[in-house]
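Inside the fold
Read off the chains here:
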Amino acid sequence: MEKFFILEGGYLIIAALILLITLFVTTRPFMSKSAPKKGMVSVTLVLAFFIGAHYYITTSRMAAVKSAFENDQAVICESRMLRKAAQSVTIKKSDDWHMEGDNFVSPNYSRPFHSARCIVK
């Protein structure tokens, strides 16, 4: 459950804001009496579907990246340190990288790279 909140926390906050907007709009005087219930249910279902699909796709990619890393294949991760120069970093197990939880760590880099932001080369 912790992984879900780490990966989808931002989207959950955005979904809460969308639900607040939906509640505000559906409770206006020109809306029907059943609009709040119908609006909240339908918007909640759509948001839950999209957040669930995003979580499933992200965790599937993370598993593929971890498997490729364990097999010493190249993994490409986005680098947010230098946006003007190298925007990605190539990671291989044989190049002094190791995993700590979901993060790729190397003594040659000052910060770790989360496997959710990586793809198999």
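Placed above this text is the structure.
As a starting point, this report considers the structure included with it.

Counting along an α-helix, one turn takes 3.6 residues, and residues three or four places apart therefore face a common direction. Its 36 residues place the ends of helix α2 (residues 35-70) 52 Å apart at the C-alpha level, agreeing with the 52 Å of an ideal helix rising 1.5 Å per residue. Within the sequence span of α2, burial applies to Ala35, Gly39, Leu47, Ile51, Thr58, Met62, Val65, Ala68 and Phe69. Taken from the residues just after α2, Asp72 is the one with a positive phi, measuring 60°.

Of all the bends in helix α1 (residues 2-26), the greatest, near 70°, is centred on Glu8. Of all the residues in α1, the buried ones are Phe4, Leu7, Glu8, Gly9, Ala15, Thr22 and Thr26. Among the structural elements, α2 and β5 (113-114) are those in contact with the buried residues of α1.

On to the sheet that holds strand β4 (residues 103-105), then. Read from one edge of the open sheet, three strands run β3-β4-β5, paired in antiparallel fashion. Only two strands of the sheet have a single partner each, and these edge strands are β3 (98-100) and β5. Alignment of β4 against β5, held across two bridges, turns out to be antiparallel. Looking across to β5, one finds that Phe104 is bridged to Phe113.

With that settled, the discussion passes to the sheet that holds strand β1 (residues 75-78). Across a sheet, strands are paired by hydrogen bonds formed along the backbone, either parallel or antiparallel in direction. Strand order in this open sheet of three strands is β2-β1-β6, and the pairing throughout is antiparallel. Looking at which strands have only one partner, the edges of the open sheet turn out to be β2 (88-91) and β6 (118-120). Pairwise comparison of adjacent strand axes, ignoring direction, gives a mean angle of 25° for this sheet. Sheet topology places β1 next to β6; three bridges connect them, and they run antiparallel. Across the sheet, the residue bridging to Cys77 is Cys118, located in β6. Contacting β1, β2 and β6, α2 runs over the sheet at an angle of about 60° to β6.

The rules behind these values
- Residues numbered from 1 in each chain as written.
- Predicted model: local features only at pLDDT ≥ 70, side-chain atom pairs only at ≥ 80, totals over all residues.
- Heavy atoms only, no water.
- Helix = DSSP H or I, 4+ residues; strand = E, 2+ residues; numbered from the N terminus.
- Expected span 1.5 Å × (residues − 1).
- Buried < 20%, exposed > 50% of the residue type's maximum accessible area, 1.4 Å probe, protein only.
- Bend = angle between axes of the 7 residues up to and from the residue.
- Contact = heavy atoms within 4.5 Å.
- Pairing = 2+ DSSP bridges.
- Axes fitted to C-alpha atoms, helices over the stretch in contact; angles between N-to-C directions.

None of this, on its own, says anything about what the molecule does.
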